[in-house]
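Structural overview
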2 protein chains.
Amino acid sequence: MKGFKFAGICAGIKKNGGKDLGLIYCEKPAAAAALFTRNKVMAAPVLLGKEKIKKGFCQAVLVNSGNANCFTGEKGINDAIACSKLLGNCLDISQDLVLVSSTGVIGANLPMDKFDAGIPAIVKQLSFEGMDNFADAILTTDTHRKIVKKTGEIGNKSFAIMGFAKGSGMIRPDMATMLAYILTDVDILPQDLKNCLSAANEKSFNRITIDGDTSTNDTLLALANGSSEIKINDTDSKIVFQNALDEVCFQLAKMVVKDGEGATKFVQIIVKGAKTKKDAFKASEAIAHSNLVKTAIYGEDPNWGRITAAAGRSGAMVIPENIDLFFDEQPLVLKGSWVGEEAEKKTAKIMKNNEITITLDLNLGQETDYFFFCDFSEDYVKINAEYRS
Amino acid sequence: MKGFKFAGICAGIKKNGGKDLGLIYCEKPAAAAALFTRNKVMAAPVLLGKEKIKKGFCQAVLVNSGNANCFTGEKGINDAIACSKLLGNCLDISQDLVLVSSTGVIGANLPMDKFDAGIPAIVKQLSFEGMDNFADAILTTDTHRKIVKKTGEIGNKSFAIMGFAKGSGMIRPDMATMLAYILTDVDILPQDLKNCLSAANEKSFNRITIDGDTSTNDTLLALANGSSEIKINDTDSKIVFQNALDEVCFQLAKMVVKDGEGATKFVQIIVKGAKTKKDAFKASEAIAHSNLVKTAIYGEDPNWGRITAAAGRSGAMVIPENIDLFFDEQPLVLKGSWVGEEAEKKTAKIMKNNEITITLDLNLGQETDYFFFCDFSEDYVKINAEYRS
């Protein structure tokens, strides 16, 4: 994809010495749109980013892992501004075109000496091939990098979309999830890009959960540099672009869940036959968030009692006698009754798979919604009990 | 306390061979009030109990552990009725005066042969001294029995209240918590007993959480047999009785949290200075339910970033710059700023205690609320991954 360069280096921010500073650079200013966390406690780079994105253009994105620059007050804001300035100087662009993101421990100040040395150093590493290094540098407890690439065609010309994301704890839908960056070479107005991004987010990052906590730093950013010379300016082109963008966000969101802290299984819960769309959302969200459901899945136990109990407490309209429940294609409960020993055995076998689809049909209406989530293992507890030490 | 008898036996319902059938018997019908789960998936004994309690009187309560008789359809209801009938016959009382409760695995039918043999057997064991056996028989994953006794005085006469409860998973406030039974010898009208019980429940069982899941079987039942000859019929006597009842429920609720599945620490979160009462509730509930907060506490980490982030996503009005945060008496955050290394060290020491009070002052108003919760350990995952196997 023409016009984008990347880098990722070890700047000494992370205690473990891993890559912790990443940079995306656009050769010319790109149309930009972003969605941020809805948490009322917002990190400094989010507060700053919300202002800067209003212009609709961006040329460089600096991301550090290992420190969230959150709950750092005025000093946190000043540190984020200082990083923008220094990067702007090194790249010879206006600091207004620089966005910064941070992820990691909440409540500690950025180690500014590492940035003073790291920013000039990372600029020298920029190259198209640097994308893997960038993808690595934004990770925290993730076990592997997350990149998705997709191409599409409009007229006879092809365009590309590339997405990067990091998980893998403090994941709950409420506007984007942790950090995700989408780059594309289409030519699109910032407001149109925002609309497409919001629509894609609603179907992807807003439908995943790992542990039910919404991060203070969640950021989903899209940059479009126009280098493909394909204009997204009419209904037909918007549909093609939206579909491709949906797919990239969807794949990234799934990768985040699959790499959830301590996760051993990837699960989709589909709630069908709900009376209202809100009921379908509530029931699927309650099941995806239930620690009892998640630990049962970890134990490979098709514990349908916990699934139906979670739906029952969700606030959605539920009539137990109407419920059908399927694991993949296998029914285990039909019209509120357990199907039997044979079905239980078949389901127990399905539970051994790494990917499972659970379908709960409430049989009360026509509405459907879904969530992607992971199971809950001892390792999640270990990772999070020892996170700051 | 005159007029109550108890028993608890091994009837063969639990796989591990432990006590699993308990009985409370009142020598004469007692005024009765009960609160039940708000989960829309309700167990058969809850559906039956909701009807029976309307009469306001009860003489016997049969409780089994090991099987929740939930999601068992019409057969579940018929089984619960059959148990009531058989017990009524054995005790020579009307089955209308018999309440049944169940707790354990959801979705399996009651093993009726065990009840057919167990009910006549348990009636023979009734005695005042049987209360420990009763308290043991209602437990599931609890590690010890939960009994609270309290006496009070009105005029020159004394009355008594005794409470039993079981935890210790699927605990989230939404009308009572799992099973709890309150017995008293005061003379009170059923409707007055209900009002007192609701008030006590709001301050106790509705302010505890272990894992955020609301049970399908939650039942809080109070029986008053009048044997003390103290009438609770005016404002003064109601205040004395309410205070004693509050205390019993409060102690029981705390015992349930302390014995939470896998719990190693008992925590109270107090949210002060909220703009509205609802905000205080929302913020304290979000913190008490946060897996990230709970795992940090297990790791003895005063991770204030996660606590403030949970408040921030709760929906309550939160201005980070206003926040004060205390662990016991030790401030760690004041006006949104981390107090410093010395305070962090002192807090880390407090985190090693088994009981911790965390106070979050939002400094936005006058409203306060609180929750009791426990930490989240690998053992919670183990217990719940293997629950049905």
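Cut-offs applied
- Residues numbered from 1 in each chain as written.
- Chains lettered and ligands numbered in written order.
- Predicted model: local features only at pLDDT ≥ 70, side-chain atom pairs only at ≥ 80, totals over all residues.
- Helix = DSSP H or I, 4+ residues; strand = E, 2+ residues; numbered from the N terminus.
- Rg over C-alpha atoms; globule rule 2.2 N^0.38 Å.
- Buried ≥ 20, exposed ≤ 12 C-beta atoms within 10 Å, placed from the backbone.
- Contact = placed C-beta atoms within 7 Å.
- Expected span 1.5 Å × (residues − 1).
- Arc of directions from axis to C-beta.
- Least-squares fit on C-alpha atoms with pLDDT ≥ 70 in both.
- Axes fitted to C-alpha atoms, helices over the stretch in contact; angles between N-to-C directions.
- Parallel < 35°, antiparallel > 145°, perpendicular 65-115°, else oblique.
- Left-handed = near helix turned anticlockwise from the far one by under 90°.
- Pairing = 2+ DSSP bridges.
- Domains from an automatic or database assignment.
- Nonpolar A, V, L, I, M, F, W, Y, C, P; charged D, E, K, R; others polar.

1. Some thoughts on the overall build of chain A
A tally of regular secondary structure across chain A gives 11 helices and 15 strands. Here chain A has a C-alpha radius of gyration of 22 Å; the compact-globule value for 389 residues is 21 Å, and the two agree. By principal-axis analysis of the C-alpha atoms, chain A measures approximately 70 × 55 × 35 Å. When burial is assessed residue by residue, chain A has 59% of its 389 residues classed as buried. Across chain A, contacts joining residues at least 24 apart in sequence account for 79% of those joining residues at least 6 apart.

2. Considerations on helix α5 (residues 190–203) of chain B
All names here are of chain B. Compared with an ideal rise of 1.5 Å per residue, which puts 14 residues at 20 Å, α5 spans 20 Å between its outermost C-alpha atoms and is within 8% of the ideal. The set of residues buried in α5 consists of P190, L193, C196, L197, A200 and N201. For α5, the angular spread of the buried residues around the axis is 135 degrees, confining them to a single face. Where α5 is buried, its residues touch β2 (21–36), β3 (57–67), β9 (219–224) and α6 (235–258).

3. With respect to the relation of the copies chain B and chain A
Between the two copies, chain B and chain A, the superposition gives an RMSD of 0.0 Å; the rotation angle is 180 degrees and the shift along the axis is 0.0 Å. With respect to symmetry, the two chain copies, as superposed, fit the operation of a two-fold axis. Judged by C-alpha distance, B:E378 is the residue of chain B that lies nearest the rotation axis, at 2.3 Å. Comparing interface residues between copies, 100% of those in chain B also sit at the interface in chain A, which points to an isologous, same-surface contact.

4. Overview of unusual backbone geometry
A positive phi is found at A:E229, a non-glycine position, where the angle reads about 65 degrees. As for its placement among the helices and strands, A:E229 is situated in the loop between β9 (219–224) and α6 (235–258). Phi is positive for B:D92, close to 60 degrees, though the residue is something other than glycine. Along the polypeptide, B:D92 turns up in the loop between α2 (73–91) and β4 (98–105).

5. Section: the interface of chain B and chain A
How big an interface is tends to be expressed through the accessible area that disappears when the partners come together. Taken together, the contact pairs 50 residues of chain B with 50 residues of chain A. Going through the elements one at a time, α8 (291–298), α9 (304–312), β13 (337–338) and α11 (378–385) of chain B are the ones with two or more residues in the side of chain B that touches chain A. Of all the elements, α9(B) adds the most residues to the side of chain B that touches chain A, at seven residues.

6. Comments concerning the packing of helix α5 (residues 190–203) of chain A against α6(A)
All names here are of chain A. Interaxial distance between α5 and α6 falls to 9 Å at its minimum, and their mutual angle equals 40 degrees. With respect to α6, the element α5 is oriented oblique. The way α5 lies across α6 gives a crossing that is right-handed. Along the contact surface, α5 presents C196, A199, A200, N201 and K203, while α6 presents F241, Q242, L245, D246, C249 and F250.

7. With respect to the environment of B:K2
Residues and elements named next belong to chain B. Mapped onto the elements of the fold, K2 is located in the segment before β1 (4–9). In this structure the C-alpha to C-alpha distance between K2 and A160, which are 158 residues apart in sequence, comes to 9.5 Å. Once you skip the residues sitting within four places of it in the chain, K2 turns out to touch D185 and S227.

8. Section: the sheet that holds strand β8 (residues 208–209) of chain A
All names here are of chain A. Pairing is mixed across the open sheet formed by seven strands, whose spatial order is β8-β15-β10-β14-β11-β12-β13. The sheet terminates laterally at β8 and β13 (337–338), the two strands that pair on one side only. Of the pairings in the sheet, the one linking strand β11 (residues 324–327) to strand β12 (residues 330–334) comprises three bridges and is antiparallel in character. By the bridge assignment for β12, F327 is matched with Q330. α6 rests against β8, β10 (266–274) and β15 (367–374) of the sheet, and its axis sits at about 45 degrees to β15.

9. Notes on the sheet that holds strand β10 (residues 266–274) of chain B
Pairing in this open sheet of seven strands is mixed, and the strands run β8-β15-β10-β14-β11-β12-β13 (chain B) from one edge to the other. On the outer flanks of this sheet lie β8 (208–209) and β13 of chain B, each paired with one strand and no other.

10. Description of the domain arrangement of chain A
All names here are of chain A. Taken domain by domain, chain A consists of domain 1 (4–258) and domain 2 (266–385). With centres defined by C-alpha atoms, the gap from domain 1 to domain 2 works out at 33 Å. When residues of the side of domain 1 that touches domain 2 are traced back to their parent elements, those giving at least two are β8 and α6. When the residues that make up the side of domain 1 that touches domain 2 are grouped by side-chain class, the tally is four nonpolar, four polar and three charged.

11. Some points on the pairing of β9(A)
All names here are of chain A. Most of β9 is tucked away: six of the six residues are buried. Here strand β2 (residues 21–36) pairs with β9 via six bridges, running antiparallel. Bridging from a neighbouring strand, A32 pairs with L223 of β9. Judged from the six bridges that link them, strand β7 (residues 179–184) and β9 form a sheet pairing that is parallel. Residue pairing in the sheet places L183 in a bridge with L223 of β9.

12. What to know about the packing of α2(B) against helix α3 (residues 112–123) of chain B
All names here are of chain B. Where α2 meets α3, the closest approach of the two axes is 9 Å, and the angle between their N-to-C directions is 25 degrees. Classified by the angle between their axes, α2 and α3 sit roughly parallel to one another. Crossing handedness for the pair α2 and α3: right-handed. Between α2 and α3, the contacting residues are D79, A82, C83, L86, L87, C90 and L91 on the first element and M112, F115, D116, I119, P120 and V123 on the second. Residue composition of the contact of α2 with α3, grouped by class: 11 nonpolar, no polar and two charged.

13. Concerning α9(B)
Counting buried positions along α9(B) gives nine out of nine residues, so the element sits mostly inside the fold. For α9(B), the full list of buried residues reads B:W304, B:G305, B:R306, B:I307, B:T308, B:A309, B:A310, B:A311 and B:G312.

14. Details of the environment of A:K166
Residue and element names in this part refer to chain A. By the secondary structure assignment, K166 is in strand β6 (residues 157–166). Residue class for K166 comes out buried when judged on the 28 C-beta atoms lying within 10 Å of it. Placed 31 residues apart in sequence, K166 and A135 show a C-alpha to C-alpha distance of 8.1 Å.

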